[in-house]
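# Structural characterization, general
For reference, the chains in residue letters:
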Amino acid sequence: MTEAVSYRLDGQVGIVTGGAGAIGRVLATGLAEAGADIVVGDLVSQHAGGDETARLVREQGRQALVVDVDVTDVPTIEALVQETVAAFGKVDWMVNCAGINIRKPVLEYTEGEWDQLVDVNLKGLFFCTQIVARQMATQGHGKIVNIASQLAVVAMPERSIYAITKAGVAHMAKAFAVELAPMGISVNAVGPTFVSTPLTTAMFEDPAFVNEYLPRIPAGRFGEPSDVLGAVQFLLSPAADLINGQLLVVDGGYTSW
Ligand SMILES: NC(=O)c1ccc[n+]([C@@H]2O[C@H](COP(=O)([O-])OP(=O)(O)OC[C@H]3O[C@@H](n4cnc5c(N)ncnc54)[C@H](O)[C@@H]3O)[C@@H](O)[C@H]2O)c1
């Protein structure tokens, strides 16, 4: 006898940080299509994209709320979770997609650039995970997916600090999982390869980059935001109820050799 599994999120409430950005918007919209109401958390005072993401969520027939959050500023993360609970009564899951990169040779980074990258990508995701998990602990359930990168597993020139932060995000999943699994909370990470977005267009149009890196992807193509959505939706869904502390790499085989 087979037992059916569900990949749906009907009736759930989720937060997507970085939800005004390229991948975050596709995640918010796709997860709404899967049945969830969505809170978009982003630097909306500096980034006009939050309202557009909310419009796309509502087009799926789901509710959307846009909250201004700076993941480097802990009180704003607390306010994000409080506003979500005030509006919807619960948080079933959170996807932390906020992230930045500064590309430079390893010998040239400044202390300020280290602080900036670590503050957003690592410290920011730690406190987003901690603060939403406190709410989830009171509920007795919750799922958190943090967006890492294939550079959590392998290095690449001129991305050293970024890669270090993403390796930290992957390990954070394990660190939280061992304490939070008994509370009904899962924390996993997703590690995409190079994903096609407005910020990577110039890179993808550079023949030197394409000739160097496309042959390293056995699947023969770069990633799309929908590839990231597939992995995130799976980890948030009932089908992944027993998966905890993992990094799911979405790389067409890049890190396999
Ligand atoms: N694009 C890629 O090739 C790729 C590959 C692997 C992983 N990723 C990761 O995916 C995530 C999304 O990347 P993207 O390509 O959509 O980039 P993006 O720049 O379009 O989106 C990032 C979002 O994060 C928000 N953000 C940045 N700092 C913030 C802060 N302090 N507080 C709140 N929000 C903040 C930005 O406003 C933006 O909306 C990032 O974590 C990135 O590292 C991207």
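Before any of the text, the structure's been laid out above.
Per chain, the residues get numbers from 1 upward, laid out in the order the sequence is written. Two thresholds apply to this predicted model, a pLDDT of at least 70 for residue-level local features and 80 or more for giving and counting side-chain atom pairs, whereas whole-chain, interface and lining totals are computed over all residues. Side-chain figures throughout are based on the complete set of non-hydrogen atoms in the structure, without hydrogens or water.

### A closer look at unusual backbone geometry
With the exception of glycine, most residues fall at negative phi, and the peptide bonds are largely trans. Although it is not a glycine, Glu 158 adopts a positive phi angle of roughly 65 degrees. Turning to its location among the elements, Glu 158 is positioned in the loop between strand E5 (142-147) and helix H5 (160-180). The buried label applies to any residue whose accessible area, calculated with a 1.4 Å probe on protein chains only, is under 20% of its type's maximum; exposed applies above 50%, and partly exposed to all values in between. For Glu 158, a relative accessible area of 40% puts it in the partly exposed group. Each helix is a run of H or I in the DSSP string that is no shorter than four residues. Each strand is a run of E no shorter than two, and both are numbered from the N terminus.

### Some remarks on the site of the ligand
What surrounds the ligand is a group of 27 residues, the closest being Ile 23, Asp 42, Asp 70, Tyr 162 and Val 195. We define a polar contact as two N or O atoms separated by no more than 3.5 Å, with the added condition that, inside protein, one atom must be a possible hydrogen donor and the other a possible acceptor, whereas residues neighbouring each other in sequence contribute only through side-chain atom pairs. Within the contact set of the ligand, an oxygen atom lies 2.6 Å away from a side-chain nitrogen or oxygen of Asp 42. Contact between the ligand and Cys 97: an oxygen atom at 3.2 Å from a main-chain N or O atom of the residue. Surface accessibility in these figures is a Shrake-Rupley result with a 1.4 Å probe; residues are shielded only by whichever protein chains are displayed. Protein coverage of the free-state accessible area of the ligand, which is 820 Å², stands at 88%. Note on terminology: near, applied to a residue and a molecule or strand, indicates that one of the residue's heavy atoms is within 4 Å of it.

### Describing the packing of aromatic side chains
For any pair of aromatic rings, the description consists of the separation of the ring centres together with the inter-plane angle of the planes. A pair of aromatic rings is counted whenever rings of Phe, Tyr or Trp (Trp by its six-membered ring) have centres within 6.5 Å, and the orientation is called stacked for planes under 30 degrees apart, edge-to-face for over 60 and tilted otherwise. Considering all chains together, one arrives at eleven aromatic pairs under this definition. Here Tyr 7 and Phe 234 contribute two aromatic rings whose centre-to-centre distance is 6.3 Å and whose plane-to-plane angle is 40 degrees, an arrangement assigned as tilted. Here Tyr 7, found in the segment before strand E1 (13-17), pairs with Phe 234, found in helix H8 (residues 225-236); they are 227 residues apart in sequence, far enough to count as distant. Ring centres of Phe 209 and Tyr 213 lie 4.9 Å apart, and the angle between their planes is 35 degrees; on these two criteria the pair is classed as tilted. Of this pair, Phe 209 and Tyr 213 both sit in helix H7 (residues 207-213), four residues apart, roughly one helical turn. The residues Phe 209 and Tyr 213 share a single accessibility class, namely buried. Members of the aromatic cluster, connected to one another through ring pairs, are Phe 194, Phe 204, Phe 209, Tyr 213, Phe 222 and Tyr 254.

### Things to note about helix H2 (residues 49-59)
Three or more residues of H2 are buried, namely Gly 49, Gly 50, Thr 53, Ala 54, Leu 56 and Val 57. Within H2, the buried residues cover an arc of 160 degrees as seen down the axis, which keeps them to one side. Every exposed residue of H2 that faces more than 90 degrees away from the buried side is listed here: Asp 51 and Glu 59. Working definition: the arc comes from the directions between the helix axis and the C-beta atoms, pointing outward to the latter.

### With respect to the pattern of salt bridges
Salt bridges are defined by distance alone: a side-chain nitrogen of Lys or Arg within 4 Å of a carboxyl oxygen of Asp or Glu. In the structure shown here, the tally under the stated rule is nine salt bridges. Two residues, Glu 212 and Arg 216, come together in a salt bridge whose shortest N-O distance is 2.6 Å. Given a relative accessible area of 38%, Glu 212 falls into the partly exposed group. Judged by relative accessible area, which is 36%, Arg 216 ranks as partly exposed. Put simply, Glu 52, Arg 55 and Glu 59 are held in one network by salt bridges that share partners.

Spatial relationships are all this shows, so hold off on functional conclusions.
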